[in-house]
Amino acid sequence: MVSIKDDAQEDKLDEIRSREEEDLATILAERYKLPYINLSKIPLDLDAMKLIPEDKARSGNIVVFQGTGRKLKVGIRTPNSNETKERLKDLDNKGFIATVYMVSDNSLKKAWTRYAEIQKYEAASKGSFDISEEEVDKIITEKKSLEELRDQLMEIVNSKEK
């Protein structure tokens, strides 16, 4: 039977292991002259993450965690890995400018779990469309009947699909 004391000790050991792993990533970052970042403490940009498919991100020990225009922030675990270098080269070939950060294995694993959210987001956004506040106001003020409103909305939906 597991006692409360055992659970508390296990939690403490997990915390120590996690801290040690982050410390190791910090040391490696200094060795490779890369900045270090703990991805568990920052928001991840799901759109940026899509730039590297999950299977390639996992095999390359890499994740794109933020993006603004053509500038990306990329976390890597092993800078000398051929697969990591290939993923970085792929981004470069697509015209992106990557700032590379050293991250821990725990940071990568945590980031990779977010790929599931990307799939849910994409599934939820299928069948939806954006309509500006100005378009809504215009439709409401111009249309008198519910049928006219429905017809106008269908026109907008059809134009957005093209």
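Structure: see above.
So, here is what we can say about the structure in this document. Quick caveat, the model's predicted, so the values are computed rather than measured.

Parameters at a glance
Per chain, residues are indexed from 1 in the order of the written sequence. Owing to the predicted nature of the model, reporting of local features is limited to residues with pLDDT of at least 70; listing and counting of side-chain atom pairs is limited to 80 or more, with chain, interface and lining totals taken over all residues. With hydrogens and water stripped out, all remaining heavy atoms of the structure feed into the side-chain values. Note on aromatic contacts: the rings of Phe and Tyr and the six-membered ring of Trp form a pair at centre separations within 6.5 Å, being stacked when their planes are under 30 degrees apart, edge-to-face when over 60 apart, and tilted otherwise. To qualify as a helix, a DSSP run of H or I must reach at least 4 residues; to qualify as a strand, a run of E must reach at least 2; elements of each kind are numbered from the N terminus. Classification of residues uses two cut-offs on accessible area relative to the type maximum, computed with a 1.4 Å probe and protein chains only: under 20% is buried, over 50% is exposed, and between them is partly exposed. Whether a charge lies above a ring is judged from NZ of Lys or CZ of Arg, which has to be within 6 Å of the ring centre and within 35 degrees of the ring normal. As used here, the term nonpolar core means buried Ala, Val, Leu, Ile, Met, Phe, Trp, Tyr and Cys residues forming a set that is joined through side-chain atoms within 4.5 Å. Working rule for contacts: check all heavy atoms of both residues, and any pair within 4.5 Å makes them a contact.

Let's shift gears to the packing of aromatic side chains. According to the stated counting rule, one finds one aromatic pair in the structure shown. When the ring of Phe65 is compared with that of Tyr101, the centres are 5.5 Å apart and the planes differ by 70°; the resulting orientation is edge-to-face. Note that Phe65 is positioned in strand S1 (residues 62-68) and Tyr101 in strand S3 (residues 97-102), a separation of 36 residues in sequence. Taking the relative accessible area as the measure of exposure, Phe65 reaches 1% and is therefore buried. According to the relative accessible area criterion, Tyr101 is buried, its value standing at 15%. Positioned above the aromatic ring of Phe96, the side-chain terminus of Arg70 is 4.1 Å from the ring centre.

Formed by 24 residues in total, the largest nonpolar core has its most connected members in Leu39, Ile52, Val63, Val64, Val74, Leu91 and Tyr115. Among the elements that make up this core, the one with the highest residue count is S1 (four residues). Excluding anything up to four places from it in sequence, Leu91 contacts Leu51, Ile52, Val64, Leu72, Val74 and Phe96.

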